[in-house]
Amino acid sequence: MINRMKKIIKSTLMLLCGVCLFTACSDDLEHNPTLLNPTTFTLNTPAYSASNIDLATSTGLNFTWSQPNYGGFPVAAEYQMQFSLKNSFTTSVEQAEADETGATVADYVVLDQIYSTCQGTVDAAELAKGLQQLAQWPESGVPATQKLYARLSSNFASGTIYSNVVEVNVIPYYVELSDAPIEIWYILGSDIADGSWGSDIGKAALPLQPIEGEEYDKKTGQGKIQWIGYLAGNGFKLRGAFDDNWATQWGQGDSFGTFVKNDGGSSDIKVPEPGIYTITLDTKNDKLTIEKYDGTPKVFSVINIAGTFNDWGDTPMNACNPNAENHDWYIVQHLDAGAKIKTKDDTSSWDYNRGGAPVVTTDGMYVFGTQGGADIEITEAANYLILFNDITGFIRFIKQ
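All figures in this text were calculated on a predicted structure; none of them were measured in a lab. (Residues numbered from 1 in each chain as written. Predicted model: local features only at pLDDT ≥ 70, side-chain atom pairs only at ≥ 80, totals over all residues. Heavy atoms only, no water.)

Colleague: Is there a simple way to explain the overall build of the chain in this structure?
Modeller: Looking only at helices and strands, the chain features three helices and 30 strands. The C-alpha atoms of the chain give 31 Å as radius of gyration, which overshoots the globular expectation for 400 residues (21 Å, by more than 25%). Expressed along its principal axes, the backbone C-alpha trace of the chain runs to roughly 120 × 70 × 35 Å. Long-range pairs, those at least 24 residues apart, make up 62% of the contacts in the chain with a sequence separation of at least 6. (Helix = DSSP H or I, 4+ residues; strand = E, 2+ residues; numbered from the N terminus. Rg over C-alpha atoms; globule rule 2.2 N^0.38 Å. Contact = heavy atoms within 4.5 Å.)

Here it is as structure tokens:
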């Protein structure tokens, strides 16, 4: 009898434990958060919405919003502000610019700033630029005041959703629009120029060149740039700037062909054998390639500049690397606006000469030089550092 009672008590306890365990698991399931897919969320109307915010004197416009209901738990969403002049969000400025025919018209602009919390400040200057991209106002046609329609996008793993639209009023101003300058990197090292690893352009370091026909991102200036020249195998690196203590650089990984970006422990890049190489850096996709050049370029003992400044005589340029097979040249020369110039060899017959139409930049201009190309006309008087690569024919003029 006693043994039977023990068995009943034991079975009862096991049943109660099972019930408790099932109840606990059931409770856990009921309280576990479930990812939801909301369709919208709330952008708060700012207190200044009825005022006219002067974009020329303001630093920024503050916005706050509620987190979308992704299931009642914090998520790592990214937020971006969008603005429209007509409360229409059909085609962005970026989408319109991608249409090379020019037929697509934008009705809203997406600002680049990304926020990770439920509040953010829109940079006033960036907003002014975005409105200019959207409206394309002439300099004398900027309105005194402008009503804007603002909304917010939330970008999460489950997709992109949009907030409600709020209205704000601003005083815009004219912004001169231009594409971002092409992002340029520099090559330097034991193989380059004087081999000193210094930052003196022409003597110690050389900028990589834009590639004719290559398209560059209008906002970032990123795309493919290159340099073609002789490498002896002693080592070099690429730098993005000379004032960042090597924070931006490309070096070599475990072996040649493996290249790493912004790795302070990377090795110098050393080609497996001496020769002419093409170095191509895709700054948009962070890809570096180094390949043997297909061809045998002529080696010049002298390259000159000639033009109206010297009555079309010969002014010798300096060899960037006089101790090896040199294909890069430099000189500092004052040139007046309207002056005309070309690069050439040392023959009076002009058997080798390079000219072409200049592309004006913020720091000077450059030319994709071609054999027998047009005289290069200088757009602005200045002392110029002139760089020339006799393989590509590329000529860069940098204001000093």
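Colleague: Even after reading the chapter, I still don't get the pattern of salt bridges, so can you show me in this structure?
Modeller: Pairs may arise between side chains of opposite charge once their charged atoms sit close together. Under the criterion given, the structure shown has eight salt bridges. When the shortest N-O distance is used, the salt bridge between lysine 147 and glutamate 167 registers 3.4 Å. Here glutamate 167 lies in strand E9 (residues 166–171) and lysine 147 lies in strand E7 (residues 146–156), a separation of 20 residues in the sequence. Judged by relative accessible area, which is 37%, lysine 147 ranks as partly exposed. For glutamate 167, a relative accessible area of 39% puts it in the partly exposed group. Among the salt bridges present, the one from aspartate 286 reaches lysine 261, with a minimum N-O distance of 2.8 Å. Placement of aspartate 286 in the loop between strand E17 (275–282) and strand E18 (287–292) and of lysine 261 in strand E16 (residues 259–261) is noted, with a sequence separation of 25 residues between them. Look at aspartate 286 and you get partly exposed, because its relative accessible area is 40%. (Salt bridge = Lys/Arg side-chain N within 4 Å of Asp/Glu carboxyl O. Buried < 20%, exposed > 50% of the residue type's maximum accessible area, 1.4 Å probe, protein only.)

Colleague: Looking at this structure, how should I read the environment of tryptophan 350?
Modeller: Locating tryptophan 350 in the fold gives a position in the loop between strand E23 (340–344) and strand E24 (353–355). Residue classification places tryptophan 350 among the partly exposed residues on the basis of a relative accessible area of 27%. As a C-alpha pair, tryptophan 350 and glycine 372 span 22 residues in sequence and 8.5 Å in three-dimensional space. Ignoring any residue separated from it by four or fewer positions in sequence, one finds tryptophan 350 in contact with Ala306, Trp312, Lys342, Lys344 and Gln371.

Colleague: Looking at this model, I keep getting lost on helix H3 (residues 124–135). Mind explaining?
Modeller: Side chains three or four residues apart in an α-helix point the same way, a direct result of the helix having 3.6 residues per turn. The first and last C-alpha atoms of H3 sit 16 Å apart over twelve residues, in line with the 16 Å expected at 1.5 Å per residue. Of all the positions in H3, only Ala124, Leu127, Ala128, Gly130, Leu131, Gln132, Gln133 and Leu134 are classed as buried. Its side-chain oxygen at 3.1 Å from the backbone nitrogen of alanine 125, aspartate 123 defines the N-terminal cap of H3. Once H3 ends, the next one or two residues include glutamine 136, with phi positive near 55°. (Expected span 1.5 Å × (residues − 1). Polar contact = N/O pair within 3.5 Å; in protein donor to acceptor, adjacent residues only side chain to side chain.)

Colleague: Can you walk me through the environment of threonine 42 in this structure?
Modeller: Here threonine 42 shows up in the loop between strand E1 (40–41) and strand E2 (52–54). In sequence terms threonine 42 and arginine 151 are 109 residues apart; their C-alpha atoms lie 9.3 Å from each other. Filtering out sequence-adjacent residues up to four positions away, threonine 42 remains in contact with Trp65, Ser66 and Asn164.

Colleague: How should the nonpolar core be read in this particular structure?
Modeller: When a protein is soluble and globular, its nonpolar side chains tend to lie buried together. Counting 35 residues, the largest nonpolar core has Leu61, Phe63, Met81, Phe83, Val122 and Leu127 as its most contacted members. Elements that contribute at least two residues to this core include exactly strand E3 (60–64), strand E4 (78–84), helix H2 (93–98), H3, E7 and E9. The leading source of residues in this core is H3, at five residues. In terms of nonpolar packing, the next biggest core, distinct from the first, is built from 28 residues, Ile187, Trp250, Leu387 and Ile398 among them. (Core = buried A, V, L, I, M, F, W, Y, C linked by side-chain atoms within 4.5 Å.)

Colleague: When you look at the side chain of serine 84 in this model, what are you seeing that I'm missing?
Modeller: Positionally, serine 84 belongs in strand E4. Judged by relative accessible area, which is 0%, serine 84 ranks as buried. One polar contact links the side chain of serine 84 to the main-chain amide nitrogen of lysine 86, over a distance of 3.1 Å. A polar contact of 3.0 Å, which involves the side chain of serine 84, links it to the backbone oxygen of serine 88. Among residues more than four places away in sequence, those in contact with serine 84 are Phe89, Asp107, Tyr108, Leu134, Lys147, Leu148 and Tyr149.

Colleague: I would appreciate a short explanation of the sheet that holds strand E25 (residues 358–361) in the present structure.
Modeller: Strand pairing in a sheet takes place through backbone hydrogen bonds and is either antiparallel or parallel in direction. Strand order in the open sheet formed by six strands is E21-E22-E29-E30-E26-E25, and the pairing between neighbours is antiparallel. The open sheet has two free edges, formed respectively by strand E21 (318–319) and E25, since each of these has just one partner strand. Pairing analysis gives five bridges linking strand E29 (residues 382–389) to strand E30 (residues 394–399), with the strands arranged antiparallel. Note that in E30 the partner of phenylalanine 388 across the bridge is isoleucine 395. (Pairing = 2+ DSSP bridges.)

Colleague: Which parts of the structure should I look at to understand the pairing of E4?
Modeller: Strand residues, when the strand is regular, have side chains that alternate between the two faces of the sheet. Most of E4 sits inside the fold, with six of its seven residues counted as buried. Here seven bridges tie E4 to E7, and the two strands are oriented antiparallel to one another. Note on E7: the bridge partner recorded for serine 84 is tyrosine 149. Pairing of E4 with strand E5 (residues 108–110) involves three bridges; the strand directions are antiparallel. If you follow serine 84 over to E5, its bridge partner there is tyrosine 108.

Colleague: Looking at this model, I keep getting lost on the packing of aromatic side chains. Mind explaining?
Modeller: A ring pair, where both rings are aromatic, is described by two values, the distance of the centres and the angle of the planes. Summed over the entire model, instances satisfying the criterion amount to 17 aromatic pairs. Relative to tyrosine 352, the ring of phenylalanine 300 has its centre 4.5 Å away and its plane inclined at 45°; by these criteria the two rings are tilted. Residue phenylalanine 300 is located in the loop between E18 and strand E19 (304–307), and its partner tyrosine 352 is located in the loop between E23 and E24; the two are separated by 52 residues in the primary sequence. Across this residue pair, the class does not change: phenylalanine 300 and tyrosine 352 are buried. For the pair tyrosine 366 and phenylalanine 368, a centre-to-centre distance of 5.5 Å together with 75° between the ring planes defines the contact as edge-to-face. (Phe/Tyr/Trp six-rings, centres within 6.5 Å; stacked < 30°, edge-to-face > 60°.)

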